[in-house]
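What follows is each chain in one-letter form.
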Amino acid sequence: MSSRINSRFIRRAVSRAYSIGATLVAFAIFVPVSPAQTATPTSAKTAAPAHKRTAADAAPSAPVKTIGNRNAPITMEVFSDYQCPSCGNFFETTLRDMIKDYVASGKVYLVHHDFPLQMHTYSGQAARWANAAAMIGQFQDVDAALFDNQAKWSADGDVEKYISAAISPANFKRIQGILKGCTAAPPTSKADRSAPQPDPGCPVDPYIVQDIVLGYQVPVQATPTFIIHYKGQSYPASSGMITWPILKQFFDTLLSQ
Amino acid sequence: MTPSETRGNLARTLLLLGRLALAAIFLFAAYAKLKPQAAMPWSGSSIKTSLSLFAMQVDSYQLLPPQFVSPAAHFLPPFELFLGLWLLSGVLLPYASLITTLLLGAFFAVMVRTYMAGLEINCGCFGPGERLGPLTLLRDGSLLALALAVTIGAFLHGRKTRTESAPVAHVSTPQRAD
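Rules and cut-offs
Residues numbered from 1 in each chain as written. Chains lettered and ligands numbered in written order. Predicted model: local features only at pLDDT ≥ 70, side-chain atom pairs only at ≥ 80, totals over all residues. Helix = DSSP H or I, 4+ residues; strand = E, 2+ residues; numbered from the N terminus. Rg over C-alpha atoms; globule rule 2.2 N^0.38 Å. Buried ≥ 20, exposed ≤ 12 C-beta atoms within 10 Å, placed from the backbone. Contact = placed C-beta atoms within 7 Å. Core = buried A, V, L, I, M, F, W, Y, C linked by C-beta atoms within 7 Å. Pairing = 2+ DSSP bridges. Right-handed = clockwise from strand over helix to strand, strands pointing away. pLDDT = per-residue confidence, 0-100. Axes fitted to C-alpha atoms, helices over the stretch in contact; angles between N-to-C directions. Parallel < 35°, antiparallel > 145°, perpendicular 65-115°, else oblique. Left-handed = near helix turned anticlockwise from the far one by under 90°. Nonpolar A, V, L, I, M, F, W, Y, C, P; charged D, E, K, R; others polar. Expected span 1.5 Å × (residues − 1).

Comments concerning the overall build of chain B
Point 1. Counting its regular elements, chain B contains five helices and zero strands.
Point 2. Listing each helix as α and each strand as β along chain B from the N terminus yields α-α-α-α-α.
Point 3. Whereas a compact globule of 178 residues would reach a radius of gyration of roughly 16 Å, chain B reaches 22 Å, over 25% beyond that.
Point 4. Dimensions of chain B, computed from the C-alpha atoms along their principal axes, are close to 90 × 40 × 35 Å.
Point 5. The 178 residues of chain B split such that 39% are buried.
Point 6. A separation of at least 24 residues holds for 63% of the contacts in chain B among residues at least 6 apart in sequence.

Notes on the nonpolar core
Point 1. Membership of the largest hydrophobic core comes to 96 residues, with the highest contact counts inside it found for Val108(A), Trp129(A), Ala130(A) and Leu22(B).
Point 2. Ranked by residues supplied to this core, first place goes to helix α1 (residues 3–34) of chain B with eleven residues.
Point 3. The residues touching Val108(A), leaving out its near neighbours within four places in the chain, are Gly68(A), Ala72(A), Ile74(A), Met76(A), Met98(A), Tyr102(A), Val103(A) and Phe251(A).

Notes on the pairing of strand β2 (residues 74–80) of chain A
All names here are of chain A.
Point 1. The buried fraction of β2 amounts to seven of the seven residues, a majority that puts the element mostly inside the structure.
Point 2. Examined bridge by bridge, β2 and strand β3 (residues 108–114) share seven bridges and lie parallel to one another. When the bridges of β3 are listed, Phe-79 appears paired with His-113.
Point 3. Note on the crossover from β2 through helix α5 (residues 85–103) to β3: the handedness is right-handed.
Point 4. Of the strand pairs in this sheet, β2 and strand β4 (residues 225–230) are connected by six bridges, and their pairing is antiparallel. The partner of Ile-74 across the bridge, within β4, is Tyr-230.

Re the environment of Ala134(A)
All names here are of chain A.
Point 1. With respect to the element layout, Ala-134 can be found in helix α6 (residues 123–135).
Point 2. Accessibility expressed as a C-beta count within 10 Å gives 23 for Ala-134, which makes it buried.
Point 3. Spatially, the C-alpha atoms of Ala-134 and Lys-65 are 5.7 Å apart, while their sequence positions differ by 69 residues.
Point 4. Ignoring sequence-local partners within four residues, the contact set of Ala-134 consists of Pro-63, Val-64, Lys-65 and Phe-139.

Examining the confidence of the model for chain A
Residue and element names in this part refer to chain A.
Point 1. Overall, the prediction assigns chain A a mean pLDDT of 83, with 77% of residues at 70 or greater.
Point 2. Considering only residues more than four positions removed or in separate chains, one finds that residues 17–48, a stretch of pLDDT under 50, has 67 contacts.
Point 3. Across residues 51–60, where pLDDT falls below 50, the model places five contacts with residues more than four positions away in sequence or in other chains.

Structural notes on the pairing of β3(A)
Point 1. Counted residue by residue, β3(A) has seven buried out of seven residues, so it is predominantly covered.
Point 2. Residue alternation in β3(A) divides its side chains into two sets, Val108(A), Leu110(A), His112(A) and Asp114(A) and Tyr109(A), Val111(A) and His113(A), and both sets are buried.

With respect to the environment of Asp143(A)
Residue and element names in this part refer to chain A.
Point 1. Structurally, Asp-143 can be placed in helix α7 (residues 139–148).
Point 2. C-alpha separation for the pair Asp-143 and Ser-256, spaced 113 residues apart in sequence, amounts to 31 Å.
Point 3. With residues up to four places along the chain from it excluded, the contact list for Asp-143 reads His-112 and Ala-130.

Concerning the packing of α6(A) against α7(A)
Residue and element names in this part refer to chain A.
Point 1. Running from N to C, α6 and α7 point in directions that differ by 160°, and their axes come no closer than 8 Å. On the basis of their axis angle, the class for α6 and α7 is roughly antiparallel. With respect to the hand of their crossing, α6 and α7 are arranged in right-handed fashion. Here Ala-126, Trp-129, Ala-130, Ala-133 and Ala-134 of α6 lie close against α7, whose contacting residues are Phe-139, Val-142, Asp-143 and Leu-146.
Point 2. When the residues that make up the contact of α6 with α7 are grouped by side-chain class, the tally is eight nonpolar, no polar and one charged.

Here's the deal with helix α12 (residues 244–255) of chain A
Point 1. Relative to the 16 Å expected for twelve residues at 1.5 Å per residue, α12(A) spans 16 Å between its end C-alpha atoms, a close match to the ideal helical length.
Point 2. Contacts made by the buried residues of α12(A) are with β2, α5, β3 and β4 of chain A together with α2 (44–60) and α3 (66–89) of chain B.

Structural data, given as C-alpha coordinates:
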(Lines give C-alpha, C1' and ligand atoms only; values in the text may rest on other atoms or scores of the structure.)
Protein backbone atom coordinates (compact mmCIF):
# COMPACT_ATOMS: atom_id res chain seq x y z
CA MET A 1 0.00 0.00 0.00
CA SER A 2 2.66 2.43 1.07
CA SER A 3 4.86 1.53 -1.92
CA ARG A 4 1.89 2.16 -4.23
CA ILE A 5 1.37 5.58 -2.65
CA ASN A 6 5.08 6.29 -2.97
CA SER A 7 5.22 5.38 -6.63
CA ARG A 8 2.09 7.46 -7.33
CA PHE A 9 3.71 10.38 -5.50
CA ILE A 10 6.94 10.00 -7.48
CA ARG A 11 5.01 9.81 -10.77
CA ARG A 12 3.12 13.02 -9.91
CA ALA A 13 6.32 14.74 -8.82
CA VAL A 14 8.07 13.75 -12.04
CA SER A 15 5.11 14.86 -14.12
CA ARG A 16 4.99 18.24 -12.35
CA ALA A 17 8.74 18.70 -12.60
CA TYR A 18 8.54 18.11 -16.35
CA SER A 19 5.62 20.51 -16.76
CA ILE A 20 7.58 23.20 -14.95
CA GLY A 21 10.63 22.27 -17.02
CA ALA A 22 8.69 22.64 -20.27
CA THR A 23 7.47 26.08 -19.23
CA LEU A 24 11.00 27.12 -18.38
CA VAL A 25 12.37 25.78 -21.68
CA ALA A 26 9.82 27.90 -23.51
CA PHE A 27 10.67 30.93 -21.37
CA ALA A 28 14.42 30.51 -21.71
CA ILE A 29 14.14 30.16 -25.48
CA PHE A 30 11.67 32.96 -26.13
CA VAL A 31 12.59 35.46 -23.44
CA PRO A 32 13.54 38.76 -25.07
CA VAL A 33 17.13 39.79 -24.65
CA SER A 34 18.15 43.35 -23.76
CA PRO A 35 18.57 45.65 -26.75
CA ALA A 36 22.28 46.01 -26.01
CA GLN A 37 22.84 42.38 -26.91
CA THR A 38 21.51 42.74 -30.40
CA ALA A 39 22.71 46.24 -31.16
CA THR A 40 26.17 46.63 -32.61
CA PRO A 41 27.99 49.73 -31.40
CA THR A 42 28.06 52.33 -34.12
CA SER A 43 31.77 52.81 -33.89
CA ALA A 44 32.20 49.05 -34.15
CA LYS A 45 30.35 49.05 -37.47
CA THR A 46 32.70 51.50 -39.07
CA ALA A 47 36.38 51.03 -39.63
CA ALA A 48 37.18 54.63 -38.64
CA PRO A 49 37.26 55.31 -34.90
CA ALA A 50 34.60 57.73 -33.67
CA HIS A 51 37.15 60.41 -32.80
CA LYS A 52 38.42 60.47 -36.36
CA ARG A 53 34.91 60.94 -37.71
CA THR A 54 34.15 63.77 -35.28
CA ALA A 55 37.50 65.42 -35.89
CA ALA A 56 36.64 65.87 -39.54
CA ASP A 57 33.54 67.89 -38.61
CA ALA A 58 35.21 69.89 -35.90
CA ALA A 59 36.20 73.54 -36.15
CA PRO A 60 39.94 74.44 -36.07
CA SER A 61 39.68 75.57 -32.44
CA ALA A 62 38.12 72.29 -31.38
CA PRO A 63 39.30 71.00 -28.00
CA VAL A 64 41.89 68.24 -28.27
CA LYS A 65 40.89 65.75 -25.59
CA THR A 66 43.47 63.15 -26.46
CA ILE A 67 46.66 61.87 -24.87
CA GLY A 68 49.49 60.24 -26.77
CA ASN A 69 50.61 59.71 -30.32
CA ARG A 70 47.83 59.77 -32.90
CA ASN A 71 49.71 57.12 -34.92
CA ALA A 72 49.87 54.61 -32.05
CA PRO A 73 48.74 51.13 -33.17
CA ILE A 74 45.93 50.99 -30.59
CA THR A 75 43.32 53.70 -30.08
CA MET A 76 41.17 53.63 -26.97
CA GLU A 77 38.11 55.86 -26.76
CA VAL A 78 36.70 56.40 -23.27
CA PHE A 79 33.26 57.85 -22.57
CA SER A 80 33.46 59.26 -19.09
CA ASP A 81 31.68 61.42 -16.53
CA TYR A 82 33.97 63.45 -14.25
CA GLN A 83 31.69 63.00 -11.26
CA CYS A 84 31.04 59.26 -11.61
CA PRO A 85 32.93 57.29 -8.92
CA SER A 86 33.61 54.34 -11.26
CA CYS A 87 35.14 56.73 -13.80
CA GLY A 88 37.36 58.20 -11.07
CA ASN A 89 38.38 54.73 -9.96
CA PHE A 90 39.02 53.68 -13.57
CA PHE A 91 41.23 56.73 -14.11
CA GLU A 92 43.20 56.34 -10.88
CA THR A 93 43.81 52.60 -11.01
CA THR A 94 43.87 51.82 -14.73
CA LEU A 95 44.23 54.84 -17.03
CA ARG A 96 46.95 56.51 -14.95
CA ASP A 97 49.16 53.39 -15.28
CA MET A 98 48.22 53.03 -18.92
CA ILE A 99 49.18 56.66 -19.67
CA LYS A 100 52.53 56.22 -17.90
CA ASP A 101 53.27 52.96 -19.64
CA TYR A 102 51.55 52.25 -22.97
CA VAL A 103 50.56 55.81 -23.94
CA ALA A 104 54.02 57.18 -23.11
CA SER A 105 55.67 54.43 -25.14
CA GLY A 106 53.48 55.12 -28.17
CA LYS A 107 51.48 51.90 -28.09
CA VAL A 108 48.12 53.45 -27.19
CA TYR A 109 46.38 56.68 -28.21
CA LEU A 110 43.81 57.72 -25.60
CA VAL A 111 40.73 59.67 -26.67
CA HIS A 112 38.44 61.17 -24.06
CA HIS A 113 34.72 61.71 -24.73
CA ASP A 114 32.48 63.55 -22.33
CA PHE A 115 29.33 61.79 -21.27
CA PRO A 116 28.11 63.79 -18.25
CA LEU A 117 25.14 62.09 -16.64
CA GLN A 118 22.04 64.04 -15.67
CA MET A 119 22.10 62.55 -12.17
CA HIS A 120 25.44 64.21 -11.36
CA THR A 121 24.98 67.88 -10.45
CA TYR A 122 28.46 69.14 -11.31
CA SER A 123 29.67 66.75 -14.02
CA GLY A 124 28.52 69.03 -16.87
CA GLN A 125 30.38 71.96 -15.32
CA ALA A 126 33.52 69.84 -14.93
CA ALA A 127 33.22 68.80 -18.60
CA ARG A 128 33.11 72.48 -19.59
CA TRP A 129 36.37 73.15 -17.72
CA ALA A 130 38.02 70.12 -19.29
CA ASN A 131 36.93 71.18 -22.79
CA ALA A 132 38.08 74.76 -22.28
CA ALA A 133 41.44 73.44 -21.03
CA ALA A 134 41.61 71.19 -24.10
CA MET A 135 41.16 74.25 -26.33
CA ILE A 136 44.43 75.67 -25.01
CA GLY A 137 46.33 72.37 -24.88
CA GLN A 138 45.99 71.81 -21.14
CA PHE A 139 43.65 68.83 -21.23
CA GLN A 140 45.89 66.20 -19.61
CA ASP A 141 46.61 68.27 -16.47
CA VAL A 142 43.02 69.36 -16.00
CA ASP A 143 41.67 65.87 -16.69
CA ALA A 144 43.94 64.43 -13.98
CA ALA A 145 43.12 67.26 -11.53
CA LEU A 146 39.39 66.66 -11.95
CA PHE A 147 39.67 62.94 -11.25
CA ASP A 148 42.26 63.34 -8.46
CA ASN A 149 39.96 65.70 -6.56
CA GLN A 150 36.64 64.21 -7.60
CA ALA A 151 35.41 63.53 -4.07
CA LYS A 152 36.22 67.11 -2.97
CA TRP A 153 34.60 69.19 -5.73
CA SER A 154 31.68 66.73 -6.01
CA ALA A 155 30.66 67.83 -2.52
CA ASP A 156 30.41 71.58 -3.17
CA GLY A 157 30.85 72.07 -6.93
CA ASP A 158 34.00 74.19 -6.51
CA VAL A 159 35.76 72.84 -9.61
CA GLU A 160 37.77 76.03 -10.20
CA LYS A 161 39.78 75.66 -7.01
CA TYR A 162 41.38 72.38 -8.12
CA ILE A 163 41.91 73.44 -11.72
CA SER A 164 43.64 76.67 -10.68
CA ALA A 165 46.02 74.57 -8.58
CA ALA A 166 46.84 72.27 -11.50
CA ILE A 167 47.80 74.81 -14.18
CA SER A 168 49.60 78.15 -14.44
CA PRO A 169 47.69 81.34 -13.52
CA ALA A 170 47.98 82.56 -17.12
CA ASN A 171 46.40 79.41 -18.50
CA PHE A 172 43.75 79.48 -15.82
CA LYS A 173 42.80 83.02 -16.91
CA ARG A 174 42.60 81.90 -20.55
CA ILE A 175 40.23 79.08 -19.56
CA GLN A 176 38.13 81.47 -17.51
CA GLY A 177 37.94 83.73 -20.56
CA ILE A 178 36.68 80.86 -22.73
CA LEU A 179 33.99 80.00 -20.19
CA LYS A 180 32.91 83.61 -19.59
CA GLY A 181 29.77 83.30 -21.71
CA CYS A 182 28.64 80.00 -20.14
CA THR A 183 25.70 81.06 -18.00
CA ALA A 184 23.00 78.48 -18.67
CA ALA A 185 23.08 74.95 -17.23
CA PRO A 186 25.67 72.74 -18.96
CA PRO A 187 24.53 69.97 -21.31
CA THR A 188 24.17 66.46 -19.87
CA SER A 189 23.04 63.14 -21.34
CA LYS A 190 19.29 62.47 -21.13
CA ALA A 191 17.53 59.30 -20.09
CA ASP A 192 15.35 59.52 -23.25
CA ARG A 193 18.52 59.81 -25.39
CA SER A 194 17.55 63.19 -26.79
CA ALA A 195 20.32 65.64 -27.70
CA PRO A 196 20.85 68.25 -24.97
CA GLN A 197 20.67 71.95 -25.82
CA PRO A 198 24.00 73.79 -25.75
CA ASP A 199 24.22 77.25 -24.22
CA PRO A 200 24.54 79.56 -27.29
CA GLY A 201 27.02 81.75 -25.45
CA CYS A 202 29.26 78.89 -24.36
CA PRO A 203 31.92 77.91 -26.95
CA VAL A 204 32.60 74.46 -25.43
CA ASP A 205 29.00 73.22 -25.17
CA PRO A 206 28.71 72.09 -28.84
CA TYR A 207 31.69 69.75 -28.29
CA ILE A 208 30.13 68.25 -25.16
CA VAL A 209 26.84 67.76 -27.01
CA GLN A 210 28.77 66.17 -29.91
CA ASP A 211 30.35 63.65 -27.50
CA ILE A 212 26.99 62.87 -25.85
CA VAL A 213 25.33 62.22 -29.21
CA LEU A 214 28.27 60.04 -30.22
CA GLY A 215 27.82 58.16 -26.93
CA TYR A 216 24.16 57.52 -27.74
CA GLN A 217 25.26 55.90 -31.00
CA VAL A 218 27.72 53.49 -29.35
CA PRO A 219 25.41 53.07 -27.22
CA VAL A 220 26.91 54.15 -23.89
CA GLN A 221 24.67 52.70 -21.19
CA ALA A 222 26.97 53.26 -18.24
CA THR A 223 30.15 55.17 -17.53
CA PRO A 224 32.97 54.51 -18.04
CA THR A 225 32.48 52.84 -21.42
CA PHE A 226 35.44 52.29 -23.70
CA ILE A 227 36.02 51.11 -27.25
CA ILE A 228 39.32 49.77 -28.50
CA HIS A 229 40.43 50.04 -32.13
CA TYR A 230 43.31 48.16 -33.66
CA LYS A 231 44.38 47.78 -37.29
CA GLY A 232 41.21 49.47 -38.50
CA GLN A 233 38.96 47.12 -36.53
CA SER A 234 36.79 48.10 -33.58
CA TYR A 235 36.23 45.77 -30.64
CA PRO A 236 32.88 45.70 -28.79
CA ALA A 237 32.35 48.43 -26.20
CA SER A 238 33.14 47.45 -22.61
CA SER A 239 31.93 49.18 -19.50
CA GLY A 240 32.83 49.19 -15.85
CA MET A 241 36.05 48.95 -13.94
CA ILE A 242 38.83 46.94 -15.62
CA THR A 243 42.19 46.64 -13.88
CA TRP A 244 45.37 47.66 -15.68
CA PRO A 245 46.99 44.15 -15.71
CA ILE A 246 43.96 42.70 -17.53
CA LEU A 247 43.66 45.62 -19.95
CA LYS A 248 47.40 45.42 -20.60
CA GLN A 249 47.04 41.71 -21.33
CA PHE A 250 44.39 42.51 -23.95
CA PHE A 251 46.65 45.14 -25.56
CA ASP A 252 49.55 42.67 -25.59
CA THR A 253 47.34 40.07 -27.29
CA LEU A 254 46.41 42.62 -29.95
CA LEU A 255 50.00 43.75 -30.46
CA SER A 256 51.20 40.14 -30.80
CA GLN A 257 48.79 39.43 -33.70
CA MET B 1 -1.87 3.32 -24.16
CA THR B 2 -2.57 3.65 -20.44
CA PRO B 3 -2.54 7.08 -18.70
CA SER B 4 0.60 5.95 -16.85
CA GLU B 5 2.39 5.21 -20.14
CA THR B 6 1.25 8.54 -21.60
CA ARG B 7 2.63 10.38 -18.58
CA GLY B 8 5.88 8.44 -18.88
CA ASN B 9 6.23 9.35 -22.56
CA LEU B 10 5.51 13.00 -21.81
CA ALA B 11 8.07 13.00 -19.01
CA ARG B 12 10.73 11.48 -21.30
CA THR B 13 9.96 14.00 -24.05
CA LEU B 14 10.18 16.96 -21.67
CA LEU B 15 13.42 15.66 -20.21
CA LEU B 16 14.84 15.35 -23.72
CA LEU B 17 13.71 18.88 -24.64
CA GLY B 18 15.13 20.34 -21.43
CA ARG B 19 18.44 18.56 -21.97
CA LEU B 20 18.70 19.71 -25.59
CA ALA B 21 17.77 23.29 -24.67
CA LEU B 22 20.47 23.41 -22.01
CA ALA B 23 23.00 21.85 -24.39
CA ALA B 24 22.16 24.40 -27.10
CA ILE B 25 22.42 27.30 -24.64
CA PHE B 26 25.82 26.15 -23.36
CA LEU B 27 27.17 25.52 -26.85
CA PHE B 28 26.01 28.96 -27.96
CA ALA B 29 27.50 30.60 -24.83
CA ALA B 30 30.87 28.96 -25.55
CA TYR B 31 30.70 29.90 -29.24
CA ALA B 32 29.83 33.54 -28.41
CA LYS B 33 32.87 33.81 -26.14
CA LEU B 34 35.31 32.06 -28.47
CA LYS B 35 34.20 33.47 -31.83
CA PRO B 36 36.56 35.95 -33.49
CA GLN B 37 35.82 39.61 -32.83
CA ALA B 38 36.15 42.58 -35.14
CA ALA B 39 35.82 40.61 -38.40
CA MET B 40 38.89 38.43 -37.73
CA PRO B 41 38.95 34.94 -39.27
CA TRP B 42 38.89 31.83 -37.03
CA SER B 43 42.44 31.12 -35.84
CA GLY B 44 44.39 30.45 -32.65
CA SER B 45 45.25 34.13 -32.49
CA SER B 46 41.62 35.27 -32.87
CA ILE B 47 40.47 32.85 -30.12
CA LYS B 48 43.23 34.17 -27.86
CA THR B 49 42.02 37.73 -28.51
CA SER B 50 38.41 36.73 -27.79
CA LEU B 51 39.46 35.11 -24.51
CA SER B 52 41.42 38.23 -23.53
CA LEU B 53 38.33 40.30 -24.26
CA PHE B 54 36.28 37.89 -22.11
CA ALA B 55 38.88 38.27 -19.34
CA MET B 56 38.05 42.00 -19.24
CA GLN B 57 34.40 41.10 -18.70
CA VAL B 58 35.31 38.66 -15.90
CA ASP B 59 37.50 41.38 -14.37
CA SER B 60 34.69 43.93 -14.44
CA TYR B 61 32.77 41.81 -11.88
CA GLN B 62 35.51 42.82 -9.38
CA LEU B 63 35.32 39.42 -7.76
CA LEU B 64 38.67 37.80 -8.52
CA PRO B 65 42.19 39.17 -7.99
CA PRO B 66 43.91 39.93 -11.34
CA GLN B 67 46.10 36.77 -11.20
CA PHE B 68 42.95 34.56 -11.19
CA VAL B 69 40.97 36.51 -13.79
CA SER B 70 42.85 35.26 -16.83
CA PRO B 71 42.86 31.54 -15.81
CA ALA B 72 39.11 31.76 -15.08
CA ALA B 73 38.44 33.45 -18.42
CA HIS B 74 40.48 30.82 -20.29
CA PHE B 75 38.80 27.92 -18.45
CA LEU B 76 35.11 28.89 -18.62
CA PRO B 77 34.36 28.93 -22.38
CA PRO B 78 36.00 25.52 -23.10
CA PHE B 79 34.25 24.10 -20.02
CA GLU B 80 30.91 25.43 -21.31
CA LEU B 81 31.66 23.77 -24.64
CA PHE B 82 32.42 20.49 -22.86
CA LEU B 83 29.22 20.70 -20.78
CA GLY B 84 27.15 21.47 -23.87
CA LEU B 85 28.52 18.42 -25.67
CA TRP B 86 28.06 16.25 -22.56
CA LEU B 87 24.40 17.32 -22.23
CA LEU B 88 23.90 16.74 -25.94
CA SER B 89 25.26 13.18 -25.65
CA GLY B 90 22.91 12.31 -22.77
CA VAL B 91 25.60 10.15 -21.18
CA LEU B 92 25.39 10.12 -17.35
CA LEU B 93 22.74 12.82 -17.64
CA PRO B 94 22.05 13.20 -13.89
CA TYR B 95 25.68 14.16 -13.29
CA ALA B 96 25.94 16.41 -16.36
CA SER B 97 22.80 18.28 -15.36
CA LEU B 98 23.93 18.48 -11.72
CA ILE B 99 27.23 20.13 -12.72
CA THR B 100 25.31 22.43 -15.08
CA THR B 101 23.01 23.43 -12.22
CA LEU B 102 25.94 24.14 -9.89
CA LEU B 103 27.68 26.24 -12.55
CA LEU B 104 24.51 28.20 -13.37
CA GLY B 105 23.88 28.65 -9.64
CA ALA B 106 27.36 30.13 -9.21
CA PHE B 107 26.86 32.44 -12.24
CA PHE B 108 23.49 33.56 -10.91
CA ALA B 109 24.84 34.27 -7.41
CA VAL B 110 27.70 36.36 -8.82
CA MET B 111 25.33 38.28 -11.11
CA VAL B 112 22.89 39.04 -8.29
CA ARG B 113 25.74 40.21 -6.05
CA THR B 114 27.10 42.45 -8.80
CA TYR B 115 23.70 43.89 -9.63
CA MET B 116 22.93 44.56 -5.96
CA ALA B 117 26.32 46.29 -5.61
CA GLY B 118 25.22 48.72 -8.34
CA LEU B 119 28.03 47.88 -10.79
CA GLU B 120 26.99 48.82 -14.31
CA ILE B 121 28.88 46.29 -16.39
CA ASN B 122 28.47 43.94 -19.30
CA CYS B 123 27.08 40.53 -18.38
CA GLY B 124 29.55 38.58 -20.52
CA CYS B 125 27.07 35.68 -20.56
CA PHE B 126 26.80 35.37 -24.33
CA GLY B 127 29.85 37.32 -25.42
CA PRO B 128 30.48 41.04 -25.21
CA GLY B 129 27.95 43.86 -25.41
CA GLU B 130 25.10 42.70 -23.18
CA ARG B 131 24.49 44.85 -20.13
CA LEU B 132 23.84 43.16 -16.79
CA GLY B 133 20.30 44.09 -15.77
CA PRO B 134 16.96 42.73 -14.57
CA LEU B 135 16.29 40.94 -17.86
CA THR B 136 19.61 39.10 -17.83
CA LEU B 137 18.98 38.12 -14.19
CA LEU B 138 15.50 36.88 -15.08
CA ARG B 139 16.87 34.89 -18.01
CA ASP B 140 19.71 33.32 -16.04
CA GLY B 141 17.40 32.59 -13.11
CA SER B 142 15.06 30.78 -15.52
CA LEU B 143 17.98 28.82 -16.96
CA LEU B 144 19.00 27.82 -13.43
CA ALA B 145 15.45 26.66 -12.68
CA LEU B 146 15.40 24.72 -15.95
CA ALA B 147 18.72 23.05 -15.12
CA LEU B 148 17.39 22.17 -11.66
CA ALA B 149 14.22 20.68 -13.18
CA VAL B 150 16.28 18.63 -15.65
CA THR B 151 18.54 17.41 -12.82
CA ILE B 152 15.60 16.33 -10.66
CA GLY B 153 13.92 14.75 -13.67
CA ALA B 154 17.11 12.93 -14.69
CA PHE B 155 17.68 11.51 -11.20
CA LEU B 156 14.03 10.42 -10.82
CA HIS B 157 13.99 8.93 -14.32
CA GLY B 158 17.22 7.05 -13.56
CA ARG B 159 15.77 5.66 -10.34
CA LYS B 160 12.53 4.65 -12.05
CA THR B 161 14.46 2.88 -14.84
CA ARG B 162 16.57 1.01 -12.28
CA THR B 163 13.42 -0.05 -10.34
CA GLU B 164 11.68 -1.31 -13.49
CA SER B 165 14.71 -3.26 -14.71
CA ALA B 166 15.39 -4.90 -11.32
CA PRO B 167 14.54 -8.67 -11.24
CA VAL B 168 11.17 -9.49 -9.58
CA ALA B 169 11.65 -11.42 -6.32
CA HIS B 170 9.67 -14.68 -6.17
CA VAL B 171 8.21 -15.23 -2.74
CA SER B 172 6.77 -18.68 -2.13
CA THR B 173 3.37 -18.64 -0.48
CA PRO B 174 3.23 -20.99 2.50
CA GLN B 175 0.89 -23.94 1.84
CA ARG B 176 -1.87 -24.66 4.27
CA ALA B 177 -1.36 -27.95 6.02
CA ASP B 178 -4.96 -29.05 5.75
